[in-house]
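A structural walkthrough
Okay, here's what each chain looks like letter by letter:
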Amino acid sequence: MKKTFLLFVVLQLTSSLFCIAQQQEYFRGQIFDSKTLQPIPFATVTSSDKNFGVITNENGSFVLPKTSIDTNLNILIRCVGYEHKTIKISEFNTFKVNVFHINLKEYLIEEVKVSGKRLEGKSAKEIVSIAVNSIEKNYPQNPFLLSGYYRDYLKINTNYINLFEAIVDLEDKGFNTSDIDNTKIRMNYGGFNNSFTIDFTKVVDYGKNKVIPYGSTKYTGGNEFFFLLQHNPIRNYKEKTFDFINEIQYDFLADHQFRSLGIEYIDDLPCYKIELKYSKPGIDEHKIGVEKTIIGLKNIMSYKAKGYIYIQAETYKIFRLNYQVYNSGKSSDVKLWELNMEYRDHNGLPYLNYISFNNLVEMPEWDDKGYFYLKSTEVDKQNKTLNLIFNNKVNPNSVSRFKNYRLEYDGNRLKIDNITLADSCVSLAIQSFDELLGSFEMHYSSRLKVNVKNIEDCYGNKVNDLKSIVAYQYREFFVNDVKTDFQPIKIDQCIDQVRPMIYFTKKNGKIPSGAYFNSPLIDKNDM
């Protein structure tokens, strides 16, 4: 089955001295479930005066800038389904990661009342149906401005690569308009975080050099922020966003099973927690096929999709959505992509609080030391040969077969008379050289086409056998402020929807007041 989705990575510390400086400038913390001891991502960490706030990272970590915090205040930790926890900032240890545990809090539907009445006994699917069909009336129709912290990065194993962080403004014309066509983004401050590994060979657009294993995307640019916005199925409720949610008001309801898990509270409001699972009637999920990837065809096993949706019990506003898609192999499941997002009420209407989308990507490993390739081609008129210069010394046993070379000039096939080798240069004597290549000049080089195969270097590396790497591309936006009365973003301030965020680096001046970077913590084993 073809995946029609638009799809956001992690960098390694380069200096222990910088890490020490970070420890002195930030309070660092990590939040865990008190029972399972698992880290808790996407928990909200705010000050008691609500002048700042951050969202915990994938590993439950967060950082707070010391210079912006009144140490007489308290920190409030909140997460859906957990009891709130308050900590005094004065109790934070500056030189280590402060660990906190929070307790799970559960409610039964029978114990919860809304507007003085017990919750009605609707089925899970009925609740979801009401919610997705109420998006237009439940969400803001007028323009608004979201200000917050954006980041994208690659995660290869446990290493963070190309961590780009920015303070941005996002202008949305309202839910009655097209998000893709009308949303504007302004970068106020941002760039690569130099504390993590930076590899410019991995800053590439989607297409030939960056593909989604077992999936595909119509997007061919490299701006991960716009990629992220297009994966918001609530904001883009009239559009197909990604498999298997697709269009949330139609495909989502038809293609999933729903099961109520009771009630949990978000901002003291009771919400239905509903488990969802992809299960489209008439589709054999276990059908095995193949999908084209950067290094050829790979087997496709069955797909699994699952998640949770949180719906406010009285208004049917969707407050939170988690969705994961897996490629199910014989031995284990491989996560292909995952969405986490949350809305919070602001003056009676829900606005985005955060959105995180990550997916599997595959790209060439240009740093592969064993990469053997054709470096250049020369037309030698004196010796009437076509010389192929490789980047390594060539194995003489691999060059003698004529069918390993396909040569054309101006659409005419070039035939080989003889092959000789000198270190890294393979010289091909061409039949009718004067007639076919006698008039060749360098500015005609685009007319010459050379393809080689089955050639090896002296180390046994095959030509054009470029290794690939598999990573998870992350892109995340955490909202700090919502405005409904604001000055519109000017056209000349907008970032382009196609070019990667790095092209809009802006590190002049100070970080805007009230803005906070929440960089991932680095494990000491990764240093």
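This report concerns the structure included in the present document. (Residues numbered from 1 in each chain as written. Predicted model: local features only at pLDDT ≥ 70, side-chain atom pairs only at ≥ 80, totals over all residues. Heavy atoms only, no water.)

1. A short note on the overall build of the chain
Put simply, the test is: Numbering goes from the N terminus for both helices and strands, where a helix is a DSSP run of H or I of at least four residues and a strand is a run of E of at least two. Three labels apply to residues, based on accessible area from a 1.4 Å probe with only protein chains included: buried if under 20% of the type maximum, exposed if over 50%, partly exposed otherwise in between. Only the protein chains shown count as covering a residue, and every accessible area follows the Shrake-Rupley method with a 1.4 Å probe.
When helices and strands are tallied, the chain shows 7 helices and 28 strands. The burial tally for the chain puts 53% of its 527 residues in the buried class. Roughly 25500 Å² of accessible area belongs to the chain as shown, and the carbon and sulfur atoms make up 46% of that amount.

2. A look at the sheet that holds strand E1 (residues 26-33)
In plain terms, the rule: Any two strands are treated as partners once DSSP identifies two or more bridges connecting them. Note on geometry: axes are C-alpha line fits, over the in-contact stretch for helices, and angles between N-to-C directions span 0 to 180 degrees.
Within the open sheet, the 3 strands sit side by side as E4-E1-E7. Their pairing is mixed. Sheet topology places strand E4 (61-65) and strand E7 (97-102) at the edges, where each strand pairs with a single neighbour. In this sheet, neighbouring strand axes are inclined to one another by 30° on average, regardless of whether the strands run parallel or antiparallel. When E1 meets E7, the two strands line up parallel, connected through 6 bridges. Paired with Gly-29 across the bridge in E7 is Asn-98.

3. Observations regarding unusual backbone geometry
As a rule of thumb, non-glycine residues mostly have phi less than zero, and peptide bonds are mostly trans rather than cis. Asp-243 connects to Phe-244 through a cis peptide bond whose omega is 10°. Inspection of the secondary structure assignment puts Phe-244 in the loop between helix H5 (224-229) and helix H6 (251-254). The phi torsion at Asp-423 lies on the positive side, around 55°, for a residue other than glycine. Looking at the element boundaries, Asp-423 is found in the loop between strand E25 (416-422) and strand E26 (425-430).

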